[in-house]
Amino acid sequence: MIVESGHYALILACTLSLVQGIFPLYGALTGRGRLMRLSAPTAYGQFFFVSIAFGALMHAFIVSDFSVVNVAKNSHTLKPMLYKVSATWGNHEGSILLWALILALYGAAVAFFGRKLPKTLYVKVLSIQALIGLGFYLFLLLTSNPFERLYPFPMEGSGLNPLLQDPGLAFHPPLLYLGYVGLSVTFSFAVGALIEGRVDAAWARWVRPWTLLAWCFLTAGITLGSWWAYYELGWGGWWFWDPVENASFMPWLVATALLHSAIVVEKRDTLKAWTILLAIIAFSFSLLGTFIVRSGVLTSVHAFATDPERGVFILAFLFLVIGGSLLLFALRADKLQAGGLFAPISRESMLVINNLLLSVAAMVVMFGTLYPLLRDALTGDKITVGPPFFNLAFGFLMIPLLLVMGLGPSASWKRADLAGIVSRLGFVFATSLVAALAFFYMLGGGEIMAAVWLGLGLWLMAATFYEWADRVKLFKVNAMKRIRRQPRASVGMSFGHLGLAIAVLGMAGSSYWGTEQQKIMAYEDEINIGGYDVNFRDTNGIIGPNYTAVRGAFDIRKNGKIVATLEPEARLFSTPPMPTTEAAIYSTLMGDLFIVIGEANNKTYDQWAVRLYYKPLQTWLWGGVVVMVFGGFISLSDRRFRMGAAKKKIN
Amino acid sequence: MANTRAGKRKTKRFYLLLTSMTILLLAVGLVLTALQDSISLFLDPSDLAESNLSDGQRVRLGGLVVEESFFKDEDGLTYRFDITDGNETVKVIYKGSLPDLFREGQGVVVEGEINNSGPFFATEVLAKHDENYMPKEVIESLKKRGVFQYSDGEEENI
């Protein structure tokens, strides 16, 4: 019964989205106030019903109702509760339902927080949001119904892929989707503005918090996935340039560009058409990402079971949304009058360079991701584009980006003084260069690129700190007062940039100075790695809720003293039958010691295949991202972004 | 002219165009350079036998791991196994750690360099996340060679 109610609620939500998508929009175009007033209630109603649908599916998973196909295929009674809940979105149908839920959540949030928006824009934004929702409801109901029943039903489910049975991955999809789908709001604002034919500073101020919110979630979501890959897959790597990773990275790059170009629209009333275009592209990449993951056109380690019918539906939807919005853009972009001018050396042109580099980088990633498809279609060759492509092509574009990132915040709007910036930051640059070379030498040298990344990370860190110190006049009287009075948006910016600097140092450390050993180890064998002495003590058999495991015990010594005991596991799950490795990691500020235990090498089970990695500065990468996201949320709390906050007169 | 607003706008556009073009050209250059060394062609054992690729070319080789062909060397870290597409079989040697889901009789993709004079030395054996999951290229290759067995969905093997 609950399952059928969920199905029914989903159909109601679908109908409401149709109403919300058409009537208020028609009302706004023809000036009928009564139709326009339908907007908010339908947005709330849609969210209400899709929540019921989602709750019903989650309930089916919690009580293990195997008469539902989706539950039977993806759950099991022996699974811990957390993973029964997360199994709701750990499959195709459920994850699309989560998409729709979050889309409706954002719709309701815009309806609530946007009440002070100009009425016609408000209605248009909500209608566009509803039409996107309609596409997803139809997709669910026509091709991927999560509420389908099964008869006769099995007594036991076939279980969730054990690799997904992990706290990191339980929360990865919701966070990622909050990011992906958050970009739909920006998209709706952009299309709404195109229909209105008006983009101004106020528009940019409304759009920025939504972009920022989506960006924070997307950043956190991508990183959580990367962190999961790092400790769960046990390869010691954290980014593989896999199509599915790229699919989430492309919208991130464009959203980052958008975040910066919206500042230019707000402050200088220019770059409008470009910003609108970025908003469209960012959401298009979100859809493309969903398409790549869900249609299985690209070979990926993440690929789930696929179905051509779904692929065709998503492709058609993609075509409609992207094609339609770009067409509208082509027709209306000339209506968006450009405002202020800007000089080649100014904050705004630095932001333009940021935008160019980020969008070109997104294009490069897209090219590398889709090139195998293109090549297959043209010549029939089956190829893959490997990480070296991305590391080289993408990496090189990041060098000028990081350089400009250090300069940008110190440049003033309109016309900056290049000589002044150079004379102030020249010292910072020289210092970070010397520091990078010193560290490089201390770490025993290595590839020259390692020094370059180290230098860029230090430069960005120092330049960001310098700019902040300069802004608050750190060494003059009453500095504390000025530090506290800084606008939240600029504090957020400093944290965001600082976070990236920290993350860059982490990437450089773990990529260039990481070491790896693979050994057959007998009990009491000792290995030295990364300055630690690792002693293999013994192994034990473990029985978990739905798996059995071998757990190794390794004593980690530094200078003769035990600092930790690491216990990596090799698990064998029962349903579905599948082995996984649980790496054990000893993290310090200086680096991660990472141990994976494999299989026994002999019949007496006292020799085991063991892999050990030492990843210097690995924690900096994760920590840097935390700082970035923290910066994003600080910036989000800026009172300027509060809808209905007293409007400042623009220029 | 340069002092008028329109003139300024033109100068601004010119700078913007110049910067965009430079960055785009840089990107295209990078893409073309980077692409040369990082593409690997996918082959199945029959393709490999027919191909006239020269030694050292990076490729991915995919097929089924032949039953009872898998064994481990003395050092415990070097593995030998055969990969087949039903028509041709290739001997593979791999030193490193095997993914959790590596099994005889299952589909696998290995990456390495062409070695026309002996076994295929794999530098990487690609991991899959799912016990039912068969690399797409392997399915296509098996279909082409006429040895693909359609499963009824629930069985562990293809």
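Just so it is clear, the structure is predicted and the values come from calculations on it, not from any experiment.

A.B. asks: With reference to specific residues and values, describe the overall build of chain A.
C.D. replies: A tally of helices and strands in chain A yields 19 helices and eleven strands. Each of the three principal axes of chain A carries a C-alpha extent, and together these read 85 × 75 × 55 Å. Taken across its 651 residues, chain A has 60% of its residues classed as buried. Accessible surface for chain A amounts to roughly 26300 Å². Of this, 68% is attributable to carbon and sulfur atoms. Computing the positive centroid from 51 side-chain charges and the negative centroid from 37, chain A places the two 19 Å apart.

A.B. asks: Help me get a handle on the sheet that holds strand β2 (residues 515-522) of chain A, residues and values and all.
C.D. replies: Residue and element names in this part refer to chain A. Overall, antiparallel pairing links the four strands, which are arranged β2-β11-β10-β9 in an open sheet. Two strands in the sheet have a free side with no partner beyond their single neighbour: β2 and β9 (584-587). Taken pair by pair, the neighbouring strands of this sheet meet at an average axis angle of 20°, ignoring direction. With four bridges joining them, β9 and strand β10 (residues 591-600) adopt antiparallel strand pairing. Directly across from A584, in β10, lies its bridge partner I595. Sitting on the sheet, helix α19 (residues 618-636) touches β9, β10 and β11 (607-616), and the angle it makes with β10 is about 115°.

A.B. asks: Can you explain the pattern of salt bridges? Please cite residues and give values.
C.D. replies: By the definition in use, this model includes 20 salt bridges over all chains. Put simply, E4 of chain A and R149 of chain A hold a salt bridge, and the shortest N to O gap is 2.7 Å. Here E4 of chain A is found in helix α1 (residues 2-30), whereas its partner R149 of chain A is found in the loop between α7 (119-143) and α8 (167-196), with 145 residues between them in sequence. For R149 of chain A, a relative accessible area of 34% gives the class partly exposed. In this structure, E111 of chain B engages R60 of chain B in a salt bridge whose closest nitrogen and oxygen atoms are separated by 2.8 Å. Of the two residues, E111 of chain B is situated in strand β6 (residues 107-113) and R60 of chain B in strand β2 (residues 58-65); the sequence distance between them amounts to 51 residues. Each member of the pair E111 of chain B and R60 of chain B is classed as buried.

A.B. asks: I'd like a description of the side chain of T581 of chain A, backed by residues and values.
C.D. replies: Relative to the elements of secondary structure, T581 of chain A occurs in strand β8 (residues 578-582). Beyond its immediate chain neighbours, meaning those up to four positions away, T581 of chain A contacts E232, L233, E569, V596 and I597 of chain A together with D100 of chain B.

A.B. asks: So, the packing of aromatic side chains: which residues are in play, and what are the values?
C.D. replies: All names here are of chain A. Summed over all chains, the structure comprises 38 aromatic pairs over all chains. Residues W241 and F249 carry aromatic rings whose centres are separated by 6.0 Å and whose planes lie at 70° to one another, so their mutual orientation is edge-to-face. We note that W241, like F249, is buried. Through pairs of rings, three or more aromatic residues link up here, namely W215, W239, W241, F249, W252, F367, Y371, F389, F390 and F394. Against the face of F112 rests R115, its NZ or CZ located 4.1 Å from the ring centre. For the cation-ring pair, K558 lies above Y532, with the distance from its terminal atom to the ring centre recorded as 4.7 Å.

A.B. asks: Just give me the short version of the confidence of the model for chain A, but keep the residues and values in it.
C.D. replies: Per-chain confidence: chain A averages 87 in pLDDT, with 95% of residues scoring 70 or above. Under a pLDDT of 50 for its full length, residues 644-651 of chain A has, in the predicted model, seven contacts with residues more than four places off or in other chains.

A.B. asks: Give me the environment of G6 of chain A: which residues, what numbers.
C.D. replies: All names here are of chain A. With respect to the secondary-structure elements, G6 resides in helix α1. Residues G6 and V321, 315 residues apart in the sequence, show an inter-C-alpha distance of 27 Å. When near neighbours in sequence (up to four residues on either side) are disregarded, G6 contacts A53, A56 and F147.

A.B. asks: A description of the packing of helix α18 (residues 488-512) of chain A against α19 of chain A should follow, citing residues and the corresponding values.
C.D. replies: Residue and element names in this part refer to chain A. Look at α18 against α19: their axes get within 7 Å of each other, and the N-to-C directions meet at 165°. Between α18 and α19, the crossing angle belongs to the class labelled roughly antiparallel. As for how α18 packs across α19, the hand of that crossing is left-handed. Classifying every residue of the contact of α18 with α19 by side-chain character gives 15 nonpolar, nine polar and one charged.

A.B. asks: Which residues make up unusual backbone geometry, and what values go with them?
C.D. replies: All names here are of chain A. Cis geometry marks the peptide bond from Y151 to P152, where omega comes out at -5°. The topology assignment puts P152 in the loop between α7 and α8. Even without glycine at this site, E524 takes up a positive phi of about 75°. Along the chain, E524 falls in the loop between β2 and β3 (526-529). The exposed category is assigned to E524, whose relative accessible area is 53%. Although it is not a glycine, L617 adopts a positive phi angle of roughly 60°. With relative accessibility at 16%, the residue L617 sits in the buried group.

A.B. asks: Quick one: what's the story with the pairing of strand β5 (residues 89-95) of chain B, residue by residue and with numbers?
C.D. replies: Residue and element names in this part refer to chain B. The sheet contact formed by strand β4 (residues 78-84) and β5 spans seven bridges and is antiparallel. Residue pairing for β5: R80 is matched across the bridge by I93. Counting the residues in the hairpin turn of β4 and β5 gives four residues, including G86, whose phi is positive at 100°. As paired strands, β5 and strand β7 (residues 120-125) are joined by three bridges and run parallel to one another. What sits directly across from I93, in β7, is F121.

Parameters and conventions
- Residues numbered from 1 in each chain as written.
- Chains lettered and ligands numbered in written order.
- Predicted model: local features only at pLDDT ≥ 70, side-chain atom pairs only at ≥ 80, totals over all residues.
- Heavy atoms only, no water.
- Helix = DSSP H or I, 4+ residues; strand = E, 2+ residues; numbered from the N terminus.
- Buried < 20%, exposed > 50% of the residue type's maximum accessible area, 1.4 Å probe, protein only.
- Areas by Shrake-Rupley, 256 points an atom, 1.4 Å probe, with all protein chains shown as cover.
- Lys, Arg positive; Asp, Glu negative; His and termini not counted.
- Charge placed at Lys NZ, Arg CZ, Asp CG, Glu CD.
- Pairing = 2+ DSSP bridges.
- Axes fitted to C-alpha atoms, helices over the stretch in contact; angles between N-to-C directions.
- Contact = heavy atoms within 4.5 Å.
- Salt bridge = Lys/Arg side-chain N within 4 Å of Asp/Glu carboxyl O.
- Phe/Tyr/Trp six-rings, centres within 6.5 Å; stacked < 30°, edge-to-face > 60°.
- Lys NZ or Arg CZ within 6 Å of the ring centre and 35° of its normal.
- pLDDT = per-residue confidence, 0-100.
- Parallel < 35°, antiparallel > 145°, perpendicular 65-115°, else oblique.
- Left-handed = near helix turned anticlockwise from the far one by under 90°.
- Nonpolar A, V, L, I, M, F, W, Y, C, P; charged D, E, K, R; others polar.

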